[in-house]
Amino acid sequence: MQSVITGTGIGLPPHIVTNEALSRLMDTSDEWIRVRSGIQERRYAEPGQGSTDLGVMAARAAIAKAGLGMADIDAAIFATMTPDHVLPGNGPLLQAALGLRTNLPTFDLRQQCSGFLYGLELADLLLQSGRYRRVLLVGAEVHTAFMPWHLGWDTLIGQSTREITEAERAENTLSRDRTVLFGDGAGAMVIEAREGTAGLLKTRLFTDGTGAGVLTMPGASFKRRPFVTVEQIQAGETLPVMSGKEVFKSAVTLMPQAVCDVCAEAGVAVEALDLVLVHQANLRIIEGVQKALGLPAEKVPHNIERYGNTTAATLPILFHECLEGGLVQPGMLVAFTALGSGLHWGAALYRA
């Protein structure tokens, strides 16, 4: 039995925020953002719209595409670093919103940008155990909760028409290296146990906790008392802190190596890959992975220019769009790879 992707779907919030719109809030420009990241626009969620809401949109579409009903799902996995609440996780919220059976398990994964990749491995293990036949895998994020909305960000989605002050603009500029990168979105897959040659062939997952400090969020921590304070927010400690150079170096080294490892384990030459879907964190990283693997650009598609970094949602959104656009055809070899906070990284090999 193979673990086969039988349905995909995406959930995108309504607000399209361009680089030019962000330039009204901080000292940045369309050129500055494009050169450093490749991003042109991203999606922002509605006020009160959480990652579960976007995940439900994607999940409904994926289940419908698979030709199934809610009663057909045997387990659900939700990967996110931006859950609706500290507790409970998004898994039970997804189950209730979709009306899935109450006698199925839900799993919440917190591997950040690698969350969906880890979800693929977990889904495969559940299916290979023989105890489950159909697994729903969701990756969804609402990063905009990180943004300093008290500093005029509400103008981006039409909640306010006021002009921001110079002091607000200066404060927004302090976090521009991170806030311009992220967007909101969700992707989902239904994965079923089926006979045949199509399915998940191999996965290789890695963790190196000695690199945890290169991408972290120091504030809103259970190690601190209280959990969060006004002072933490004002100091920007509830925003992710990133060593950009270290993340870039790790990403362009470890992701290509993971792809090579998974191909070697499956007895497949890297050049035989039809597509490599890379976590959409930065266009420069995507191009670095492509060059390290020695593959032509058309084999390493990207959509970061339209969505920014949606963390656990980047891989399922990209796969869905490649599938809908005809880039994925039966029999093709598709590799997934990601690296994120932890550090967690890896690769998976799938035959369509």
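Residues numbered from 1 in each chain as written. Predicted model: local features only at pLDDT ≥ 70, side-chain atom pairs only at ≥ 80, totals over all residues. Heavy atoms only, no water.

**Student:** Looking at this structure, I do not really get a nonpolar patch on the surface. What am I missing?
**Tutor:** Residues Val86, Leu87 and Phe222 make up a contiguous nonpolar surface patch of roughly 390 Å² in combined accessible area. With respect to the helices and strands, the residue leucine 87 is situated in the loop between β4 (75–79) and α4 (90–98). (Patch = residues over 30% accessible without salt bridge, like charges linked within 9 Å, V, L, I, M, F, W, Y side chains within 5 Å. Areas by Shrake-Rupley, 256 points an atom, 1.4 Å probe, with all protein chains shown as cover. Salt bridge = Lys/Arg side-chain N within 4 Å of Asp/Glu carboxyl O. Helix = DSSP H or I, 4+ residues; strand = E, 2+ residues; numbered from the N terminus.)

**Student:** Any chance you could explain the sheet that holds strand β13 (residues 344–351) here in plain terms?
**Tutor:** Sheets are built from strands that pair by backbone hydrogen bonding, the pairs being arranged parallel or antiparallel. Spatially, four strands are ordered β8-β13-β12-β11 in an open sheet, and the strand pairing comes out mixed. Only two strands of the sheet have a single partner each, and these edge strands are β8 (199–207) and β11 (275–278). On average, adjacent strands in this sheet sit at an angle of 15 degrees to one another, irrespective of strand direction. In this structure, strand β12 (residues 333–340) lies alongside β13, joined through eight bridges in antiparallel fashion. Looking across to β13, one finds that glycine 340 is bridged to histidine 344. Across the face of the sheet, helix α5 (residues 115–128) comes into contact with β8, β12 and β13 while running at roughly 125 degrees to β8. Its contacts with the sheet place helix α12 (residues 314–324) against β11 and β12, and it is angled at close to 145 degrees to β11. (Pairing = 2+ DSSP bridges. Axes fitted to C-alpha atoms, helices over the stretch in contact; angles between N-to-C directions. Contact = heavy atoms within 4.5 Å.)

**Student:** Got a minute to help me understand α4 in this structure?
**Tutor:** An α-helical segment advances 3.6 residues per turn. Residues three or four places apart therefore align on the same side. Those residues of α4 not exposed but buried are Asn90, Gly91, Leu94, Gln95 and Leu98. Viewed end-on, α4 has its buried residues packed into an arc of 140 degrees, placing them on one side of the element. Two residues or fewer after α4 comes glycine 99, characterised by a positive phi angle close to 80 degrees. (Buried < 20%, exposed > 50% of the residue type's maximum accessible area, 1.4 Å probe, protein only. Arc of directions from axis to C-beta.)

**Student:** Teacher, can you tell me more about α5 here?
**Tutor:** In this model α5 runs 20 Å from its N-terminal to its C-terminal C-alpha over 14 residues, within 8% of the 20 Å that 1.5 Å per residue would give. Most of α5 sits inside the fold, with 11 of its 14 residues counted as buried. Along α5, the positions that sit buried rather than exposed are Gly115, Phe116, Leu117, Tyr118, Gly119, Leu120, Leu122, Ala123, Asp124, Leu126 and Leu127. (Expected span 1.5 Å × (residues − 1).)

**Student:** Sorry, what's going on with the packing of helix α9 (residues 244–266) against helix α10 (residues 283–293) here?
**Tutor:** Angle between the axes and distance between the axes are the two parameters that describe a pair of packed helices. In the contact formed by α9 and α10, the axes pass within 9 Å of each other and the chain directions differ by 40 degrees. The orientation of α9 relative to α10 falls into the category oblique. Seen from above, α9 lies across α10 with right-handed handedness. Here α9 contributes Phe248, Ala251, Val252, Met255, Pro256, Val259 and Cys260 to the contact with α10, which in turn contributes Arg284, Ile285, Gly288, Val289, Ala292 and Leu293. Within the contact of α9 with α10, the residues separate by chemical class into 11 nonpolar, one polar and one charged. (Parallel < 35°, antiparallel > 145°, perpendicular 65-115°, else oblique. Left-handed = near helix turned anticlockwise from the far one by under 90°. Nonpolar A, V, L, I, M, F, W, Y, C, P; charged D, E, K, R; others polar.)

**Student:** Where do I start with the environment of leucine 93 in this structure?
**Tutor:** Examined against the element boundaries, leucine 93 turns out to sit in helix α4. Through-space distance from the C-alpha of leucine 93 to that of glycine 342 is 25 Å; in sequence the pair is 249 residues apart. Beyond its immediate chain neighbours, meaning those up to four positions away, leucine 93 contacts Thr52, Asp84, His85 and Pro88.

**Student:** Sorry if this is basic, but what is going on with the sheet that holds strand β7 (residues 185–194) here?
**Tutor:** In spatial order, the strands read β1-β7-β6-β4-β5; together these five strands make up an open sheet with mixed pairing. Each having just a single partner strand, β1 (2–11) and β5 (106–109) make up the two edges of the open sheet. On average, adjacent strands in this sheet sit at an angle of 20 degrees to one another, irrespective of strand direction. As paired elements, β4 and β5 share four bridges and run parallel to each other. Counted as the bridge partner of alanine 79 is leucine 109 from β5. Sitting on the sheet, α4 touches β4, β5 and β6 (134–141), and the angle it makes with β5 is about 135 degrees.

**Student:** It is not clear to me how the nonpolar core should be interpreted in this structure. Could you clarify?
**Tutor:** One broad rule of soluble globular proteins: the nonpolar side chains tend to lie buried together. In terms of nonpolar packing, the biggest core is built from 49 residues, with Leu22, Tyr44, Trp153, Leu156, Leu273 and Val276 touching the most fellow members. Counting only elements with at least two residues in this core, the list comes to α1 (19–23), α2 (30–37), α9, β11, α10, β12 and β13. Ignoring sequence-local partners within four residues, the contact set of leucine 22 consists of Val17, Thr28, Ile33, Arg42, Tyr44, Trp153, Leu156 and Val180. Grouped together as the second largest cluster of nonpolar side chains are 33 residues, Tyr118, Leu120, Leu315 and Leu318 included. (Core = buried A, V, L, I, M, F, W, Y, C linked by side-chain atoms within 4.5 Å.)

**Student:** Looking at this structure, I do not really get the packing of aromatic side chains. What am I missing?
**Tutor:** For any pair of aromatic rings, the description rests on two quantities: the centre-to-centre distance and the angle between the ring planes. This model, assessed by the stated rule, comprises six aromatic pairs. For the ring pair phenylalanine 222 and phenylalanine 227, a centre distance of 4.7 Å and an interplane angle of 35 degrees mean the geometry is tilted. With a centroid separation of 6.3 Å and an interplanar angle of 90 degrees, the aromatic rings of phenylalanine 319 and tyrosine 350 are classed as edge-to-face. A residue pair is termed long-range when its members are at least 10 positions apart, and phenylalanine 319 in helix α12 and tyrosine 350 in strand β13 qualify at 31 residues. Judged by relative accessible area, phenylalanine 319 falls into the buried class, the value being 2%. (Phe/Tyr/Trp six-rings, centres within 6.5 Å; stacked < 30°, edge-to-face > 60°.)

**Student:** Where do I start with unusual backbone geometry in this structure?
**Tutor:** Backbone phi values are negative for most residues with the exception of glycine, while trans is the configuration of most peptide bonds. The residue after leucine 87, namely proline 88, is reached through a cis peptide bond having omega 0 degrees. With respect to the helices and strands, proline 88 occurs in the loop between β4 and α4. With an omega of 0 degrees, the peptide bond running from arginine 225 to proline 226 counts as cis. Along the chain, proline 226 turns up in the loop between β9 (215–216) and α8 (230–234). Positive phi, normally seen in glycine, also occurs at glutamine 112, with a value near 55 degrees. Along the chain, glutamine 112 turns up in the loop between β5 and α5. The phi angle at alanine 220 is positive, at roughly 50 degrees, despite the residue not being glycine. On the basis of relative accessibility, which here comes to 23%, the residue alanine 220 falls in the partly exposed class.

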